[in-house]
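Structural overview for review
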Amino acid sequence: MKRAATRCASTLVLAMFALLAPGPAARAQAFERIVRYDVEIVIEDDGALTITEKIDYDFASATDRHGIIRAIPTTLRYDDTYDRVYPL
């Protein structure tokens, strides 16, 4: 009985590893990454910001290169009556 329970547990553990292990294509696939990221922020006398980003991006083996998608909020809720609007 103890041997059968051990064999069942071993089989279950092997099955879990087989299901969770990535396939050959996933293991061979390289990942995209940011190689270098530089940002310069200048605060002007009138309070305006001048922001310059320089991004070196490695697309690895990706075939549909679209670049980096940047979402910058320009309107934020202030209260029930007003929103704050930041011109871009």
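Here the structure is a predicted model, which means the values were calculated and not measured. (Residues numbered from 1 in each chain as written. Predicted model: local features only at pLDDT ≥ 70, side-chain atom pairs only at ≥ 80, totals over all residues. Heavy atoms only, no water.)

**Digging into the overall build of the protein chain**
Heads up, the condition is: Labels follow the DSSP assignment, with helices taken as runs of H or I lasting at least four residues and strands as runs of E lasting at least two, numbered in each case from the N terminus. The buried label applies to any residue whose accessible area, calculated with a 1.4 Å probe on protein chains only, is under 20% of its type's maximum; exposed applies above 50%, and partly exposed to all values in between. The criterion used for residue contact is that any of the two residues' heavy atoms lie within 4.5 Å. Shrake-Rupley sampling with a 1.4 Å probe provides the accessible areas, and residues are treated as covered by the protein chains on show and by no other component.
In terms of helices and strands, the protein chain carries two helices and four strands. In sequence order, the secondary structure elements of the protein chain are arranged as α-α-β-β-β-β. When burial is assessed residue by residue, the protein chain has 2% of its 88 residues classed as buried. Restricting the contact set of the protein chain to residue pairs at least 6 apart, pairs at least 24 apart contribute 20%. Working note: accessible area of the protein chain is about 8500 Å², and carbon and sulfur atoms make up 59% of it.

**Here's the deal with the layout of surface pockets**
Going by this rule: Cavities and pockets were defined on a 1 Å grid built from protein atoms only: a cavity is a group of points that admits a 1.4 Å probe but offers it no way out, a pocket is an open group of points flanked by protein on both sides within 12 Å along at least five of seven lines, and a lining residue is one with an atom within 4 Å of any such point. Grid points are joined across faces, edges and corners, and a volume is the space filled by probe spheres set on the points.
The space that makes up the largest pocket amounts to roughly 280 Å³. Contributing to the lining of the largest pocket are Leu-49, Ile-51, Glu-53, Arg-70, Ile-72, Pro-73, Thr-74, Tyr-86, Pro-87 and Leu-88.

**Observations concerning the packing of aromatic side chains**
Filter applied, for reference: Each Phe, Tyr or Trp ring, with Trp reduced to its six-membered ring, pairs with another whose centre is within 6.5 Å; inter-plane angles below 30 degrees give stacked pairs, above 60 give edge-to-face pairs, and intermediate values give tilted ones.
Under the defined criterion, the tally for this structure stands at one aromatic pair. Where Tyr-57 meets Phe-59, the ring centres are 4.8 Å apart and the plane angle is 65 degrees; that geometry is what we call edge-to-face.

**Some details on the pattern of salt bridges**
In plain terms, the rule: A pair is scored as a salt bridge if a Lys or Arg side-chain nitrogen falls within 4 Å of a carboxyl oxygen belonging to Asp or Glu.
Under the criterion given, the structure shown has five salt bridges. The shortest N-O distance in the salt bridge between Arg-36 and Asp-38 comes to 3.2 Å. Look at Asp-38 and you get partly exposed, because its relative accessible area is 36%. Between Glu-53 and Arg-70 there is a salt bridge, with its nearest N and O atoms 2.8 Å apart.

**Here we look at the pairing of strand β2 (residues 49-58)**
For clarity, the threshold we go by: At least two DSSP bridges between two strands are required for those strands to pair.
For strand β1 (residues 33-43) and β2, the ladder comprises 10 bridges, and the chain directions are antiparallel. Of the residues in β2, the one forming a bridge with Ile-34 is Tyr-57.

**Section: the environment of Arg-70**
For clarity, the threshold we go by: Under the rule applied, a polar contact is a pair of N or O atoms within 3.5 Å (in protein, one hydrogen donor and one hydrogen acceptor; residues adjacent in sequence only if both atoms are side-chain atoms).
Along the chain, Arg-70 turns up in the loop between β2 and β3 (75-77). Among all residues touching Arg-70, those that are not within four sequence positions of it are Tyr-37, Glu-53 and Ile-55. Engagement of the side chain of Arg-70 in a polar contact is seen with the side chain of Glu-53, the distance being 2.8 Å.

**Here's the deal with the environment of Ala-62**
Along the chain, the position of Ala-62 falls in the loop between β2 and β3. The class for Ala-62 is buried, based on a relative accessible area of 15%. When the C-alpha positions of Ala-62 and Glu-32 are compared, they lie 7.6 Å apart, and in sequence the two are 30 residues distant.

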